Amino acid sequence: MTNQYQKLVNTGPAREVAKRLGLPRPAELRRFSPGEPLVPGPVLVLGSGASADPVAEQLLAWGLDVYRHQPQGRRLGAVVVAYDDVAHPGDLADVALELGPAVRQLAPSGRVITLSRPARVRDEPAVAAARRGIEGLLRSLARELRGGATGNGILLTDGVGADAPSAVAALRFLLSGRSAYVDGQFLTVGTDAGKAPEDWDRPLAEKVAVVTGAARGIGAAIARVLSRDGARIVAVDVPAAGGALSSVANEVRGTALQLDVTRADAGHLILEHALERHGGLDIVVHNAGITRDKLLANMDEARWKSVLAVNIESQLRMNEAFLDAGRDGLRIVSLASTSGIAGNRGQTNYAASKAGVMGMVEASASDFAELGGGINAVAPGFIETEMTAKVPVATRAVARLLMPSLMQGGLPVDVAEAIAFLASDAAAGINGETLRVCGQSLIGR
Ligand code: NAD
């Protein structure tokens, strides 16, 4: 992210003034570009869990410098913690106390990643307490990290090892600059489905991907990132956005489909276009969305119904069409929002639709899995667009105080990177999940 405020508080004498005044000084986040190193330094693997050895081997296979004990005098690119053997809260201590000194050596935009097991209701209470304890530890540590560093976790469900394709892909995603604005989150790997791509820099090679609402904003960024990762793009948006839609489609050498996604036959028309023009349909990103904010006390029928129609009802209908057509291996990623998790004043309609997306994704997971595919959601937080760039510098500085972890909004590309990861075959073991891309700005789970 480059903006005046960030430059001002990080350079010259203003840096010292900002420091003394306690003003937020957002770091420039490390973002992905093909061919760049996966992490900004060596990786320390801590913990005695069963995942420690396979993870260390995987990191070595990626050509990284791997240590099992803290190397003296070296800045660490990442610390990976194999915490999958804890059975009692007392078991957390040794590794937690080793992790403390290690994070002091973490390089800017470094990573802390835990591998652990999710707590289940049928666990012994002490086991569940220890497992949930890791979540509390990691989320709090993520808030303590500075310089663009992040902390995230991978939850391996029963029978899934750290060498499962989606665990490996999640590890790579979380280490890389692709996850720049993902912070304080846990990704659950439910099965050992999936396969690693031949080229990690082009994980979507040969795929045909439909992106709705692609004429601008986050949708245009998704089209660009999926295309960079190798996919052929069908860019969809309303006829009124036709001009902008064609320029995005041309830029990514894809095709444009002018379509209002609330049409009853939208799913059918998307399928027809993708099959006729590209010979397949592998990925659908339900990104088209609208807001019509009003306090519920002043809400009218048109505002309520239009938001629900675009943001959730259209997706339900299109998914039904895709399932009816039996598209093997189809991977869907849908846009939720942190408003749908924490609620937001003036957004009852929008939050209902976005919470609805998360419910839909959970309930559709097994239907898509039966066809060898999957469905997940991404919930963005505050994303900086041309619109938010117009907000006065001082107002943005205050807003950043409310984002204590990374002290900045995300960029459309950050949302797009998470979507590209979930759309890839390597993520097939992750299904029915919602991944937040919010820089840990949201209070709560
Ligand atoms: P945007 O308004 O810039 O773009 C949305 C696009 O969707 C537009 O091009 C619009 O024409 C298109 N669209 C709207 N209705 C449509 C319809 N019926 N059929 C086809 N296309 C339609 O929005 P954005 O900020 O880029 O947001 C994209 C998605 O991300 C939305 O689902 C939004 O709810 C979600 N989101 C955004 C943020 C944020 O901070 N910007 C945060 C959380 C979630």
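Residues numbered from 1 in each chain as written. Predicted model: local features only at pLDDT ≥ 70, side-chain atom pairs only at ≥ 80, totals over all residues. Heavy atoms only, no water.

Topic: the domain arrangement of the protein
Basically, it comes down to this: Throughout, the edges of the domains are those of an automatic or database domain assignment. Two residues form a contact once any of their heavy atoms are found within 4.5 Å. Put simply, buried area is the surface a 1.4 Å probe can reach on two separate parts but cannot reach once they are joined, added for both. Counted as salt bridges are all cases of a side-chain nitrogen of Lys or Arg within 4 Å of a carboxyl oxygen of Asp or Glu. Nitrogen and oxygen atoms within 3.5 Å of one another constitute a polar contact, given that in protein one can donate a hydrogen and the other can accept it, and given that sequence-neighbouring residues count only through two side-chain atoms. Counting from the N terminus, the helices are the DSSP runs of H or I reaching at least four residues and the strands are the DSSP runs of E reaching at least two. Side-chain classes follow a simple rule in which Ala, Val, Leu, Ile, Met, Phe, Trp, Tyr, Cys and Pro form the nonpolar group, Asp, Glu, Lys and Arg form the charged group, and the remainder, Gly included, forms the polar group.
Here the protein is partitioned into domain 1 (40-189) and domain 2 (208-437). Contact residues are listed per partner, giving 21 residues for domain 1 and 25 residues for domain 2. Both faces combined, the contact of domain 1 with domain 2 buries some 1900 Å², and carbon together with sulfur accounts for 60% of it. Put simply, domain 1 and domain 2 have two salt bridges between them. Between the two partners, domain 1 and domain 2, sit seven residue pairs in polar contact (both at pLDDT 80 or more). Only helix 5 (125-144), helix 6 (165-175) and strand 6 (186-189) provide two or more residues apiece to the side of domain 1 that touches domain 2. Residues that form the side of domain 1 that touches domain 2 fall into these classes: 12 nonpolar, five polar and four charged.

Topic: the UniProt feature "domain: Ketoreductase" (unreviewed entry) in the protein
Going by this rule: UniProt positions are given in the numbering used here, feature names are shortened, and annotations may be inferred rather than shown by experiment.
Residues annotated by UniProt as "domain: Ketoreductase" (unreviewed entry) correspond here to residues 207-381. Strand forms 18% of residues 207-381 and helix 49%; the C-alpha atoms that close the span are 28 Å apart.

Considering the packing of aromatic side chains
How we decide: Pairing of aromatic rings covers Phe, Tyr and the six-membered ring of Trp, with a centre-to-centre limit of 6.5 Å; geometry is then stacked below 30 degrees between planes, edge-to-face above 60, and tilted otherwise. Each ring is checked for a lysine NZ or an arginine CZ that lies within 6 Å of its centre and within 35 degrees of its normal; such an atom marks a charge sitting over the ring.
In this structure the tally under the stated criterion is two aromatic pairs. With a centroid separation of 6.0 Å and an interplanar angle of 90°, the aromatic rings of Trp 62 and Trp 200 are classed as edge-to-face. With a gap of 138 residues between them, Trp 62 in the loop between helix 3 (52-61) and strand 2 (66-67) and Trp 200 in the loop between strand 6 and strand 7 (208-212) connect regions that are remote in the sequence. A cation over a ring is seen here: Arg 172 above Trp 62, with NZ or CZ 5.0 Å from the ring centre. A cation over an aromatic ring shows up here: Arg 178 above the ring of Phe 32, its NZ or CZ 4.0 Å from the ring centre.

Considering helix 5
This is how it is decided: A helix is expected to span 1.5 Å multiplied by its residue count minus one. Relative accessible area decides the class of each residue, using a 1.4 Å probe on protein chains only: under 20% of the type maximum gives buried, over 50% gives exposed, and in between gives partly exposed.
Over its 20 residues, helix 5 runs 28 Å from end to end, which matches the ideal 28 Å to within 8%, given 1.5 Å per residue. For helix 5, the complete set of buried residues consists of Val 127, Ala 128, Ala 130, Arg 131, Ile 134, Glu 135, Leu 138, Leu 141 and Ala 142. Check the buried side of helix 5 and you find it contacts helix 4 (93-104), strand 4 (106-116), strand 5 (150-156) and strand 6.

Observations concerning the site of the ligand
Quick reminder of the rule: Definition of nearness: a residue and a molecule or strand are near each other if at least one heavy atom of the residue lies within 4 Å of the molecule or strand.
What surrounds the ligand is a group of 23 residues, the closest being Arg 216, Ile 218, Asp 237, Asn 287 and Tyr 350. A distance of 2.8 Å is found between a nitrogen atom of the ligand and a side-chain nitrogen or oxygen belonging to Asp 260. Between Lys 354 and the ligand, the recorded distance is 2.9 Å, taken from a side-chain N or O atom to an oxygen atom. When residues of the shell around the ligand are traced back to their parent elements, those giving at least two are helix 7 (217-228) and helix 12 (348-370). Across the shell around the ligand, the residue classes break down as 13 nonpolar, six polar and four charged.

Observations regarding the sheet that holds strand 12 (residues 374-380)
Our working rule: Two strands are counted as paired when DSSP detects at least two bridges linking them. The axes used here are C-alpha line fits, helices contributing only the stretch in contact, and every angle between their N-to-C directions lies in the interval 0 to 180 degrees.
On the basis of which strands lie adjacent, the open sheet formed by seven strands has the order 9-8-7-10-11-12-13 and parallel pairing. Where the open sheet ends on each side, the last strands, each with one partner, are strand 9 (255-258) and strand 13 (434-437). Taking the axes of each pair of neighbouring strands and ignoring which way they run, one obtains an average angle of 20° across the sheet. Across five bridges, the pairing between strand 11 (residues 331-335) and strand 12 is parallel.

Section: the nonpolar core
Under the convention used in this document: Nine residue types can take part in a nonpolar core, namely buried Ala, Val, Leu, Ile, Met, Phe, Trp, Tyr and Cys, and a core is a set of them joined through side-chain atoms within 4.5 Å.
Residues Leu 59, Ile 154, Leu 171, Leu 175, Leu 226 and Phe 421 are the most contacted members of the largest nonpolar core, which totals 75 residues. A domain-level breakdown of this core finds at least three residues from each of domain 1 (40-189) and domain 2 (208-437). Core analysis: the next-biggest nonpolar cluster, separate from the first, contains 30 residues, Val 234, Ala 266, Val 357 and Met 358 among them.

Observations regarding the pairing of strand 5
The condition is simple: Look down the strands so they point away from you; if the path from the first strand over the helix to the second goes clockwise, the crossover is right-handed.
Among the seven residues of strand 5, seven are classified as buried, and the element is accordingly described as predominantly covered. Pairing between strand 4 and strand 5: six bridges, direction parallel. When the bridges of strand 5 are listed, Val 112 appears paired with Gly 151. With helix 5 bridging strand 4 and its parallel neighbour strand 5, the resulting β-α-β unit is right-handed. Bridge count between strand 5 and strand 6: four bridges; the pairing is parallel. Considered in strand 6, the bridge of Leu 156 is made with Val 189.

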